[in-house]
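The lines below spell out each chain.
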Amino acid sequence: MSPLACSVLVTGSNRGIGLELVRQLVENTDPPEHVFATCRNPDGPGGKALHELAQKHPNIHVVQLEVEDQSSVKAAASVVESQLKGKGLNLLINNAGVNSFATLETVEQQEMLSALNTNVVGPILVVKEFLPLLKRAATETATDRMSCSKAAIINISSKLGSIELGFELVKLPMYPYRVSKAALNMVTACMAEELKKDGILCSVINPGWVKTDMGTEQAPLTVQCSVQGILKVLANLSSSGAFLNWEGNSLPW
Ligand SMILES: NC(=O)c1ccc[n+]([C@@H]2O[C@H](COP(=O)([O-])OP(=O)(O)OC[C@H]3O[C@@H](n4cnc5c(N)ncnc54)[C@H](OP(=O)(O)O)[C@@H]3O)[C@@H](O)[C@H]2O)c1
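Presented here is an overview of the structure given in this document. Predicted model only: the values in this text are computed from it and were never measured.

Here we look at the sheet that holds strand 4 (residues 91-94)
Turning to step 1, where the next piece is worked out: Spatial ordering of the open sheet is given by 3-2-1-4-5-6-7, a layout of seven strands whose pairing is parallel. Looking along the sheet, the strands with just one partner apiece sit at the ends: strand 3 (60-64) and strand 7 (243-245). Mean inter-strand twist for the sheet, computed between neighbouring axes without regard to direction, equals 20°.
Turning to step 2, where the next piece is worked out: Relative to strand 2 (residues 34-39), strand 1 (residues 7-10) is paired through four bridges, and the arrangement is parallel. Residue pairing in the sheet places L9 in a bridge with F36 of strand 2.
Turning to step 3, where the next piece is worked out: Sheet strands in contact with helix 7 (residues 223-236) are strand 4, strand 5 (152-156), strand 6 (201-206) and strand 7, and its direction is about 155° off that of strand 6.

Below you can see the structure in the form of structure tokens.
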């Protein structure tokens, strides 16, 4: 089996879905040569599990990256570029995100802005700074077929960001979260169209409702099961502009 991609970067990889993505990538029988496991505070207590994993797998590079801070994103891109030694970055997974349950009655301006900053502005800044490395990766593969092994941006969104499904899910208004994920879906659609000419695939994955700090213990899905599904979907993905769940089924925008 060939690796999903030679190089992969994951944001928010110190816990939850991001940490499990890194774990399953490196524990694969044919792992990527480089896994850039980024998080905003790698040296704090929240970075312990990631450092323990990185000690066992030399292909993990732990890199500081705060998605809301452009200078941090720029510095991370420069670290990654030097590690890649002239090669491109194949797969960028924008996973970092925050939740917010505010309703129309309780929502405050700052809570809206904060969710938008992390969940929408952050991924845009990350793509902007890593785009030269993704473009480089796209030119390194002879085939025109789009894939995660060539060059791809995967944004981890939510079905709560689907406008169409929104009409069925009115019991969970969650304005900051749902608006930010709907916006992230639009960001992905725009990028898919714009980056088609460069051979870079851009799609959205909904991980399901997963037992993490965000998903809580009430969630039906383990993080291992969700991530196994996500990685299987990514390995078979060849269409840009898709909105898929962790089992590979299409979701309505
Ligand atoms: N769990 C679910 O049921 C579910 C469902 C649908 C979609 N999702 C999406 O899946 C993704 C991962 O969720 P999760 O369940 O793994 O959440 P989680 O356990 O709460 O982890 C969130 C991750 O994002 C990081 N993060 C937050 N703000 C950041 C920032 N400004 N810069 C860099 N990193 C930041 C956190 O870092 P710190 O440790 O430093 O805070 C943490 O690593 C999110 O985009 C989420 O919206 C989750």
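Notes on helix 3 (residues 70-84)
Owing to its 3.6 residues per turn, the α-helix brings residues three or four apart onto one side.
Turning to step 1, where the next piece is worked out: Taking 1.5 Å per residue as the helical rise, helix 3 with its 15 residues ought to reach 21 Å, and the 21 Å between its terminal C-alpha atoms agrees with that figure.
Turning to step 2, where the next piece is worked out: Of the positions making up helix 3, those classed as buried are S72, V73, A76, A77, V80 and L84. For helix 3, the buried positions fall inside an angular range of 140° around the axis, keeping them on one side.
Turning to step 3, where the next piece is worked out: Contact partners of the buried residues in helix 3: strand 1, strand 2, strand 3 and helix 4 (109-140).

Considering the state of the cysteines
Two cysteines whose sulfur atoms are joined by a covalent bond form what is called a disulfide.
Turning to step 1, where the next piece is worked out: Using the criterion set out here, one finds zero disulfides in the structure.
Turning to step 2, where the next piece is worked out: Unpaired in terms of disulfides, C6 finds its nearest cysteine sulfur in C148, a separation of 13 Å.
Turning to step 3, where the next piece is worked out: Cysteine C202 shares no disulfide, and the gap to the nearest cysteine sulfur, in C190, comes to 10 Å.

Re the pattern of salt bridges
Side-chain pairs of opposite charge can arise whenever the charged atoms involved come near each other.
Turning to step 1, where the next piece is worked out: Inspection of every chain in the model, using the stated rule, returns eight salt bridges.
Turning to step 2, where the next piece is worked out: The salt bridge partner of R15 is D213, with a shortest N-O separation of 2.8 Å. With R15 in the loop between strand 1 and helix 1 (16-27) and D213 in the loop between strand 6 and helix 7, this residue pair connects regions lying 198 residues apart in the sequence.
Turning to step 3, where the next piece is worked out: Of the residues examined, R15 reaches a relative accessible area of 46% and is grouped as partly exposed.
Turning to step 4, where the next piece is worked out: Take D213: its relative accessible area is 59%, and that puts it in the exposed class.
Turning to step 5, where the next piece is worked out: Between R136 and E81 there is a salt bridge, with the nearest N and O atoms lying 3.1 Å from each other. Of the two residues, R136 is situated in helix 4 and E81 in helix 3; the sequence distance between them amounts to 55 residues.
Turning to step 6, where the next piece is worked out: For R136, a relative accessible area of 28% puts it in the partly exposed group.

Some thoughts on the site of the ligand
Turning to step 1, where the next piece is worked out: Lining the immediate environment of the ligand, one finds 28 residues, of which N14, R15, E66, Y177 and T212 sit closest.
Turning to step 2, where the next piece is worked out: Residue K181 places a side-chain N or O atom 3.0 Å away from an oxygen atom belonging to the ligand.
Turning to step 3, where the next piece is worked out: Alone, the ligand offers 900 Å² of accessible surface; in the complex the protein occludes 93% of this.
Turning to step 4, where the next piece is worked out: Elements with a contribution of two residues or more to the shell around the ligand: helix 1 and helix 6 (175-194).

Things to note about the nonpolar core
Turning to step 1, where the next piece is worked out: By size, the foremost hydrophobic cluster in this structure holds 38 residues, and its most contacted members are L21, V22, L91, I93, I154, I205 and L234.
Turning to step 2, where the next piece is worked out: Listing elements by their share of this core, those giving two or more residues are strand 1, helix 1, strand 2, helix 2 (48-56), strand 4, strand 5, strand 6 and helix 7.
Turning to step 3, where the next piece is worked out: With residues up to four places along the chain from it excluded, the contact list for I205 reads I154, N155, I156, S157, I230, V233, L234 and L244.
Turning to step 4, where the next piece is worked out: Grouped together as the second largest cluster of nonpolar side chains are 30 residues, F36, V73, A76 and I200 included.

As for the packing of helix 1 against helix 2
Turning to step 1, where the next piece is worked out: It is the contact of helix 1 with helix 2, at a shortest axis distance of 11 Å, that shows an interaxial angle of 5°. Taken together, the axes of helix 1 and helix 2 lie roughly parallel to each other. In contact with L19, V22, R23 and E27 of helix 1, helix 2 contributes A49, L50 and L53.
Turning to step 2, where the next piece is worked out: Partitioned by chemical class, the residues of the contact of helix 1 with helix 2 number five nonpolar, no polar and two charged.

Rules of the game
- Residues numbered from 1 in each chain as written.
- Predicted model: local features only at pLDDT ≥ 70, side-chain atom pairs only at ≥ 80, totals over all residues.
- Heavy atoms only, no water.
- Pairing = 2+ DSSP bridges.
- Helix = DSSP H or I, 4+ residues; strand = E, 2+ residues; numbered from the N terminus.
- Axes fitted to C-alpha atoms, helices over the stretch in contact; angles between N-to-C directions.
- Contact = heavy atoms within 4.5 Å.
- Expected span 1.5 Å × (residues − 1).
- Buried < 20%, exposed > 50% of the residue type's maximum accessible area, 1.4 Å probe, protein only.
- Arc of directions from axis to C-beta.
- Disulfide = S-S within 2.5 Å.
- Salt bridge = Lys/Arg side-chain N within 4 Å of Asp/Glu carboxyl O.
- Near = heavy atom within 4 Å.
- Polar contact = N/O pair within 3.5 Å; in protein donor to acceptor, adjacent residues only side chain to side chain.
- Areas by Shrake-Rupley, 256 points an atom, 1.4 Å probe, with all protein chains shown as cover.
- Core = buried A, V, L, I, M, F, W, Y, C linked by side-chain atoms within 4.5 Å.
- Parallel < 35°, antiparallel > 145°, perpendicular 65-115°, else oblique.
- Nonpolar A, V, L, I, M, F, W, Y, C, P; charged D, E, K, R; others polar.

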